[in-house]
Amino acid sequence: MITNLNWLLDAAPAAAEAAGLESMIPTLLMMVAMVAVFYFLLIRPQRKKEKAVKDMLAALKPGDRICTIGGIYGTVKSIKDETVTIEAGAAKTQMVFARWGIRSVEDAPLENDAEPSV
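Conventions we followed
- Position numbers for residues count from 1 along each chain, tracking the sequence in the order it is written.
- Where local features are concerned, this predicted model is filtered to residues with pLDDT of at least 70; where side-chain atom pairs are given and counted, the filter is 80 or more; whole-chain, interface and lining totals use all residues.
- Hydrogens and water are ignored here; the side-chain numbers use all heavy atoms of the structure.
- Only protein chains enter the accessibility calculation, which uses a 1.4 Å probe; a residue is then buried when its area is under 20% of its type maximum, exposed when over 50%, and partly exposed in between.
- Only DSSP runs of H or I covering at least 4 residues are called helices, and only runs of E covering at least 2 are called strands; the numbering of each starts at the N terminus.
- Strands are treated as partners if at least two bridges between them are detected by DSSP.
- Each reported salt bridge corresponds to a side-chain nitrogen of Lys or Arg within 4 Å of a carboxyl oxygen of Asp or Glu.
- Take the buried residues of types Ala, Val, Leu, Ile, Met, Phe, Trp, Tyr and Cys, join any two whose side-chain atoms come within 4.5 Å, and each joined set is a nonpolar core.
- Aromatic pairs are defined between Phe, Tyr and Trp rings, using the six-membered ring for Trp, whenever the two ring centres lie within 6.5 Å; interplanar angles under 30 degrees are classed as stacked, those over 60 as edge-to-face, and all others as tilted.
- Axis lines are fitted to C-alpha atoms, over the contacting stretch for helices. Their N-to-C directions set the angle, which ranges from 0 to 180 degrees.

Draft legend 1. Spatial organisation of the pairing of strand β3 (residues 83-88). The element β3 is largely enclosed, with a buried count of five among its six residues. Relative to β3, strand β2 (residues 73-80) runs antiparallel, the two sharing five bridges. Following the sheet pairing, valine 76 is matched in β3 by isoleucine 86. Taken together, β2 and the strand that follows it, β3, pair antiparallel across an intervening segment of two residues. Examined bridge by bridge, β3 and strand β4 (residues 93-98) share six bridges and lie antiparallel to one another. Considered in β4, the bridge of alanine 88 is made with threonine 93. What sits between the antiparallel neighbours β3 and β4 is a turn of four residues, in which glycine 89 has the positive phi angle 80 degrees.

Listed below in structure tokens is the structure:
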């Protein structure tokens, strides 16, 4: 009779280990799913946006209409390494900005930059 109980006692730790591993699998799957969601909803779009901004700044050329991060609209006059000189307003005021300070390249000219009527 005692020999019949020994096999039961020997099998108990192995069954407990298998049950512990089985209970960890859903937790690991949930963690992998959370990482995937964060990647596709947060990290990937941010990298895509940063790449688009970098490409836009690299393609900047004199004559482009731009908007700065400060909200100033103007036309690019010249570009040197990391600085951009723009003309803004009817008086063609020249200003120098850091290249990273440009928010976007605009399509249409603004009425404020039109030649003053005499």
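Draft legend 2. Up close: the pattern of salt bridges. With the rule as written, the count across this model stands at three salt bridges. For lysine 51, the salt bridge goes to aspartate 55, with nearest N and O atoms at 3.2 Å. With lysine 51 and aspartate 55 both in helix α1 (residues 2-58) and four residues apart, the pair spans about one turn of that helix. We note a salt bridge from lysine 77 to glutamate 87, for which the minimum N-O separation is 3.8 Å. Note that lysine 77 is positioned in strand β2 and glutamate 87 in strand β3, a separation of 10 residues in sequence. Residue glutamate 87 is classed as buried on the basis of its relative accessible area, which comes to 15%.

Draft legend 3. A look at the nonpolar core. Met56, Leu57, Leu60, Ile66, Val76, Val84, Ile86, Phe97 and Ile102 together form the largest nonpolar core, which totals nine residues. Put simply, the parts of the chain that give this core at least two residues each are α1 and β3.

Draft legend 4. The arrangement of the packing of aromatic side chains in detail. Scanning the entire structure with this criterion turns up one aromatic pair. Between tyrosine 39 and phenylalanine 40, the aromatic rings sit 5.1 Å apart at their centres with planes inclined by 80 degrees, giving edge-to-face as the arrangement. We classify tyrosine 39 as partly exposed; its relative accessible area is 34%.

Draft legend 5. Spatial organisation of the sheet that holds strand β1 (residues 65-68). One open sheet holds the five strands; their spatial order is β4-β3-β2-β1-β5, and the pairing between them is antiparallel. The open sheet has two free edges, formed respectively by β4 and β5 (102-106), since each of these has just one partner strand. Taken over all neighbouring pairs, the strand axes of this sheet differ in orientation by 45 degrees on average, direction set aside. Two elements, β1 and β2, share three bridges in a ladder whose sense is antiparallel. Residue pairing in the sheet places cysteine 67 in a bridge with tyrosine 73 of β2.

Functional significance is not addressed by these values, which are geometric in nature.
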